[in-house]
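The chain contents come next:
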Amino acid sequence: MAPDASRQPLRLADRSPSITGAEIVAELVPPPQFEHASFESYRPDQNFPSQADAVEHLHQFTGVWRAQRPGGFFSRNRKPKSELPGIYLDGGFGVGKTHLLAALWHAAPGPKYFGTFIEYTALVGALGFADTVAQLRGAKLICIDEFELDDPGDTMMMTRLLGELVATGTRVAATSNTPPNSLGEGRFAASDFLREIQAMSANFETVRIDGLDYRRRDTSGSAVNVESDALRHMAGVMLERGEAVSTDDFGTLMRHLATVHPSKYIKMIQGIDVITLEGVFLLTNQTDALRLVAFIDRVYDAEIPIIASGLPLNEVFDAEMMGGGYRKKYQRSQSRMIALTTGELPPHAE
């Protein structure tokens, strides 16, 4: 009798999905966990008044749309409080920036788009610059989550894209762990790059959000790891339960990620209930590390638990990386790894 295909482990390393511009545009909405995010459901920490202040700033930002009149972009009779076309939520990890960005998206009139920096650059790659501008032109709001800059060429392309859209009335909201005039600090020094950053920064009102990382409040500060035998046993149990479990060697997966554009990682993990990784080890190549960060971001958005053996997943970045220009990206990823990893059988996915 042939084995039951539904009970066979999957390998992410066997998946090389393609993605079209139309598919990227269709996915430019908040992640599932923020499908119902609102200003009212955000719970500011009373110990950090800047969180409640951020909500008020965003309320003021939405006032621009309330002030609109049919004859023009702004009412002639009522000047909106937020005069800049962009708002930038700058803060640490796990303080609710993405929740607030999603709440703003839900509060805005359409058409509107919500995506990560990498999704917008992937859209330009799929459609071309002119067609991307044509696709997004007319949007009331463009939301950009995790505005972290890895490449000066992408930065200049994105600032040019935003400039074209802002000029036709689109408003922009972004989040990052770095203020807009400090993006790329410690990584690039080219004068053209710095000039682009300064030009973009002038379009944003920066709102600082302080606080504790909610993902780490109830953790020991380290990702959970298990022995290889325990990992294989749990994978077998989940397969018997009929769940879609991926089983990959960590090194094999890292090599495969190098062959897939990060914009396609979301399709790589589509339909997966639990990810298992064997033999996690220390990364010493920064390009590999940045690919892993992008992969973990997609896994986190999809809320897929990870069971891993070897080195605790949040310890994969070496000391040089953690002291370099991308340290904030790695720190955010570590926070997400701690939240995602488990040493117990996850609840049965229905």
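Let me sum up the structure you'll find in this document. The model shown is predicted, which means the values in this text are computed figures rather than measured ones.

What follows covers helix H9 (residues 250-257). The buried fraction of H9 amounts to six of the eight residues, a majority that puts the element mostly inside the structure. Those residues of H9 that sit buried are Phe 250, Gly 251, Leu 253, Met 254, His 256 and Leu 257. The secondary structure elements touched by the buried residues of H9 are strand E6 (245-249), helix H10 (265-268), strand E7 (274-280) and helix H11 (286-302). Among the residues of H9, the N-terminal cap falls to Asp 249, whose side-chain oxygen and the backbone nitrogen of Gly 251 are separated by 3.1 Å.

The next point concerns the pairing of strand E3 (residues 141-145). The buried fraction of E3 is high, at five of five residues. Judged by which residues are buried, E3 turns out to be covered on both faces: Leu 141, Cys 143 and Asp 145 on one side and Ile 142 and Ile 144 on the other are all buried. Strand direction decides the pairing type here: strand E2 (residues 112-116) and E3, joined by five bridges, are parallel. Directly across from Tyr 113, in E3, lies its bridge partner Ile 142.

The strand order across the open sheet formed by three strands is E6-E7-E8, and the pairing between neighbours is parallel. Across the chains shown, the open sheet's two edge strands, defined by having one partner strand only, are E6 and strand E8 (306-310). Across this sheet, the average inter-strand angle for adjacent strands is 15 degrees, counted without regard to direction. One ladder, built from five bridges, connects E6 with E7; its direction is parallel. Along E7, the bridge assignment pairs Thr 247 with Thr 276.

Below, the discussion takes up the sheet that holds strand E5 (residues 204-209). In space, the five strands of this open sheet follow the order E2-E3-E4-E1-E5, with parallel pairing throughout. One side of each edge strand has no neighbouring strand; the edge strands of this open sheet are E2 and E5. Between one strand axis and the next, the sheet turns by 15 degrees as a mean value, whatever way the strands run. Helix-sheet contacts for helix H4 (residues 117-127) involve E2 and E3, and the interaxial angle to E2 is about 105 degrees.

Inspection of the entire model under this criterion finds four aromatic pairs. The ring of Phe 129 is capped by Arg 160, whose NZ or CZ atom sits 3.8 Å from the centre of that ring.

Right, let's talk about helix H5 (residues 129-136) for a bit. Those residues of H5 that fall on the buried side of the exposure criterion are Phe 129, Thr 132, Val 133 and Leu 136. Down the axis of H5, the sector holding all buried residues measures 100 degrees, keeping them to one side. Looking one or two residues beyond H5, the residue adopting positive phi is Gly 138, at roughly 95 degrees.

Right, let's talk about the pattern of salt bridges for a bit. Summed over all chains, the structure comprises 11 salt bridges. One salt bridge connects Arg 241 with Glu 243, and the closest N-O pair in it is separated by 2.6 Å. For Arg 241, a relative accessible area of 27% puts it in the partly exposed group. Residue class for Glu 243 comes out buried when judged on its relative accessible area of 2%. For Arg 332, the salt bridge goes to Asp 297, with nearest N and O atoms at 2.7 Å. A residue pair is termed long-range when its members are at least 10 positions apart, and Arg 332 in helix H13 (residues 327-340) and Asp 297 in helix H11 qualify at 35 residues. Three or more residues are tied together by salt bridges with common partners; here these are Asp 90, Arg 208 and Asp 210.

Each value, and the rule that gives it
Residues numbered from 1 in each chain as written. Predicted model: local features only at pLDDT ≥ 70, side-chain atom pairs only at ≥ 80, totals over all residues. Heavy atoms only, no water. Buried < 20%, exposed > 50% of the residue type's maximum accessible area, 1.4 Å probe, protein only. Helix = DSSP H or I, 4+ residues; strand = E, 2+ residues; numbered from the N terminus. Contact = heavy atoms within 4.5 Å. Polar contact = N/O pair within 3.5 Å; in protein donor to acceptor, adjacent residues only side chain to side chain. Pairing = 2+ DSSP bridges. Axes fitted to C-alpha atoms, helices over the stretch in contact; angles between N-to-C directions. Phe/Tyr/Trp six-rings, centres within 6.5 Å; stacked < 30°, edge-to-face > 60°. Lys NZ or Arg CZ within 6 Å of the ring centre and 35° of its normal. Arc of directions from axis to C-beta. Salt bridge = Lys/Arg side-chain N within 4 Å of Asp/Glu carboxyl O.

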